[in-house]
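A structural walkthrough
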Amino acid sequence: MKPYVISNVGMTLDGKLATIANDSRISGEEDLKRVHQIRKEVDGIMVGIGTVLKDDPRLTVHKIPAKKEDNPVRIVVDSKLRVPLNARVLNKDAKTIIATTEEINEEKEEKIKKLTEMGVEVIKVGKGKVDLRKLMEELYKRGIKKILLEGGGTLNWGMFKENLVDEVRVFIAPKIFGGKDAPTYVDGEGFKTVDECVKLELKNFYRMDDGIVLEFKVKK
Ligand SMILES: NC(=O)c1ccc[n+]([C@@H]2O[C@H](COP(=O)([O-])OP(=O)(O)OC[C@H]3O[C@@H](n4cnc5c(N)ncnc54)[C@H](OP(=O)(O)O)[C@@H]3O)[C@@H](O)[C@H]2O)c1
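Remember, predicted model here, so these are calculated numbers, not experimental data.

A cluster of acidic residues, E106, E109, E110 and E117, forms a negative patch at the surface. Inspection of the secondary structure assignment puts E110 in helix α3 (residues 106-117).

This is how it looks when you write it as structure tokens:
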């Protein structure tokens, strides 16, 4: 059994999550409230270590009225345990799980000890890279039945490739960032053929701020 996964993203019309200089101001106030409402409704919120290192997000519900109990469990996918001990995602506002690989050296052992002392749970799944399929099973066992996947593009690819995403919600801002090296919604290696690609079914769409929200179910 695995959690139900909603992938949400705010992107430009050309599918970028940030500019080449990592300026990621894409969503307006109303859209941020929409995202925080989803955060409030899920059990877990998941990002890759790239997003933690670049944006230092808190991943809590703070753009709409909320109590501490409304914060979902924060999950960071981090094979090499690069998460800084002062990262905001490790603060006391909510529980945090760091998913790493089974390979453990002395340095990693020491970091796990420090993280555990801070109340952070470390889950070890996979070799080389975090095994996302196994991670989903471990999270489900811990009562995490619904997850909001908040990126970035590399983790999104990993989750789509493993067919672990059930629903997609995107805010498209009327902006074009350009740049072949600017992060996109889904990066990674990409599918080679249309036959292999992820197929979606459009369920709903509406105007939001100066852009549009599209909601899809992933065809299984
Ligand atoms: N606009 C939005 O809605 C939005 C939301 C989130 C992020 N962003 C933007 O996205 C950018 C960050 O994206 P990113 O692609 O650099 O980083 P990311 O997707 O957040 O993190 C990727 C990292 O996760 C780790 N990982 C471990 N196991 C993995 C697996 N099985 N599959 C995939 N990744 C795995 C890898 O690092 P290790 O090998 O070290 O584990 C990988 O490099 C930032 O610019 C941020 O602003 C935008």
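Right, let's get into the site of the ligand. In the region of the ligand, 28 residues are neighbours, and N22, T51, D55, S79 and T154 sit closest. Here an oxygen atom of the ligand sits 2.9 Å away from a polar atom, N or O, in the main chain of G152. One of the side-chain N or O atoms of T154 is found 2.5 Å from an oxygen atom in the ligand. Notes on the ligand: free accessible area 930 Å², of which the protein chains cover 87%. If you list the elements that add at least two residues to the shell around the ligand, you get β1 (4-12), α2 (49-55) and α5 (153-161). Of all the elements, α2 adds the most residues to the shell around the ligand, at five residues.

Moving on: the UniProt feature "coiled-coil region" (unreviewed entry) in the protein. Those residues carrying the UniProt feature "coiled-coil region" (unreviewed entry) are residues 91-118 in this numbering. Overall, residues 91-118 shows 43% helix and 18% strand. The separation of its end C-alpha atoms is 9 Å.

What follows is about the nonpolar core. Judged by nonpolar contacts, the single largest core of 32 residues is most densely connected at M46, I75, L135, M136, L139 and M159. Only β1, β3 (73-77), β4 (96-100), α4 (132-141), β6 (146-149), α5, β7 (167-173) and β9 (211-218) provide two or more residues apiece to this core. Examining the composition of this core, we find that four residues originate from one element, α4, more than from any other. Apart from the residues within four sequence positions on either side, L139 is in contact with P3, I75, I97, I123, I144 and I147. Grouped together as the second largest cluster of nonpolar side chains are 20 residues, L59, V89, I98 and L115 included.

A separate point is the pairing of β1. With respect to burial, β1 is a largely interior element, seven of its nine residues being buried. Pairing between β1 and β7: seven bridges, direction parallel. Along β7, the bridge assignment pairs I6 with E167.

The strand order across the open sheet built from nine strands is β5-β4-β3-β2-β6-β1-β7-β9-β8, with neighbouring strands paired in mixed fashion. Looking at strand neighbours, the two that pair on one side only are β5 (121-124) and β8 (200-208), the edges of this open sheet. Put simply, the sheet's adjacent strands are angled 20° from each other on average, direction ignored. Relative to β5, β4 runs parallel, the two sharing four bridges. Residue pairing for β5: I98 is matched across the bridge by V122. Packed on one face of the sheet, helix α1 (residues 29-41) meets β1, β2 (44-48), β6, β7, β8 and β9 and runs near 165° to β1.

Conventions we followed
- Residues numbered from 1 in each chain as written.
- Predicted model: local features only at pLDDT ≥ 70, side-chain atom pairs only at ≥ 80, totals over all residues.
- Heavy atoms only, no water.
- Patch = residues over 30% accessible without salt bridge, like charges linked within 9 Å, V, L, I, M, F, W, Y side chains within 5 Å.
- Areas by Shrake-Rupley, 256 points an atom, 1.4 Å probe, with all protein chains shown as cover.
- Salt bridge = Lys/Arg side-chain N within 4 Å of Asp/Glu carboxyl O.
- Lys, Arg positive; Asp, Glu negative; His and termini not counted.
- Charge placed at Lys NZ, Arg CZ, Asp CG, Glu CD.
- Helix = DSSP H or I, 4+ residues; strand = E, 2+ residues; numbered from the N terminus.
- Near = heavy atom within 4 Å.
- Polar contact = N/O pair within 3.5 Å; in protein donor to acceptor, adjacent residues only side chain to side chain.
- UniProt positions renumbered as here; feature names shortened; annotations may be inferred.
- Core = buried A, V, L, I, M, F, W, Y, C linked by side-chain atoms within 4.5 Å.
- Buried < 20%, exposed > 50% of the residue type's maximum accessible area, 1.4 Å probe, protein only.
- Contact = heavy atoms within 4.5 Å.
- Pairing = 2+ DSSP bridges.
- Axes fitted to C-alpha atoms, helices over the stretch in contact; angles between N-to-C directions.

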